[in-house]
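One letter stands for each residue in the lines below.
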Amino acid sequence: MRYFNWLLRIVLFVVLLGFAIKNDQLVVVRYFFSYEWQSPLVVVLLVFFALGVLVGLLTAAGRVFSQRREIARLKAAAEKGSPSA
C-alpha cells in the first residue's frame, strides 16, 4: 500500500507539472480603478484555487464550531440526567 501511495503521488506530481508547463502564458487580471495584475495562467489558477479552499474551510469552520457547542451542551445535559429538550 505504501508503494501505491508513492506511485499515486508521483503520477499526480507529473500531471500537475505538465499542466503548469502547458499553461505558462501571461494573463492579465483587471480590477477596479484601472488596477491590473499580470502573471502566468498557472499562478492565477493556483491563487484562486487556494482562495476558494480558504473560503470553503472558513465556511465549514463555523458549522463545526456550532456542532461542537451542541455536543458539549448535550454531554452536559446527559451528565445531569435531564432531558435535552
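Residues numbered from 1 in each chain as written. Predicted model: local features only at pLDDT ≥ 70, side-chain atom pairs only at ≥ 80, totals over all residues. Heavy atoms only, no water.

Caption draft 1: How the structure looks around the confidence of the model for the protein. On average, residues of the protein carry a pLDDT of 88, and 95% of them reach 70 or more. At the level of individual helices and strands, the protein shows its lowest average pLDDT in helix H1 (residues 2–22), which scores 88, and its highest in helix H2 (residues 41–80), which scores 91. (pLDDT = per-residue confidence, 0-100. Helix = DSSP H or I, 4+ residues; strand = E, 2+ residues; numbered from the N terminus.)

Caption draft 2: Focus on the pattern of salt bridges. Summed over all chains, the structure comprises two salt bridges. Between Glu36 and Arg30 there is a salt bridge, with its nearest N and O atoms 3.5 Å apart. Using a relative accessible area of 45% as the deciding quantity, one classes Glu36 as partly exposed. Notably, a salt bridge pairs Arg73 with Glu70, separated by 2.7 Å at the nearest N-O pair. Taken together, the positions of Arg73 and Glu70, both in helix H2 and three residues apart, correspond to about one turn of that helix. (Salt bridge = Lys/Arg side-chain N within 4 Å of Asp/Glu carboxyl O. Buried < 20%, exposed > 50% of the residue type's maximum accessible area, 1.4 Å probe, protein only.)

Caption draft 3: Looking closely at the pairing of strand S1 (residues 26–30). One ladder, built from five bridges, connects S1 with strand S2 (residues 36–40); its direction is antiparallel. For Val27, the partnering residue across the bridge sits in S2 and is Ser39. Between S1 and S2, which pair antiparallel one after the other, the connecting turn spans five residues, and Phe33 there sits at a positive phi close to 60°. (Pairing = 2+ DSSP bridges.)

Caption draft 4: The arrangement of unusual backbone geometry in detail. A positive phi angle is found at Phe33, which is not glycine, with a value near 60°. In this structure, Phe33 sits in the loop between S1 and S2. Look at Ser34: it is not a glycine, yet its phi comes out positive at around 60°. By the element assignment, Ser34 lies in the loop between S1 and S2. A residue is classified by how much of its surface remains accessible, and Ser34, at 74% relative accessible area, is exposed.

Caption draft 5: Spotlight on a nonpolar patch on the surface. On the surface, Tyr31, Tyr35, Val43, Val47, Phe48, Leu51, Leu54 and Leu58 cluster together to form a nonpolar patch covering roughly 760 Å² of accessible area. By the secondary structure assignment, Val43 is in helix H2. Judged by its relative accessible area of 33%, Val43 is partly exposed. (Patch = residues over 30% accessible without salt bridge, like charges linked within 9 Å, V, L, I, M, F, W, Y side chains within 5 Å. Areas by Shrake-Rupley, 256 points an atom, 1.4 Å probe, with all protein chains shown as cover.)

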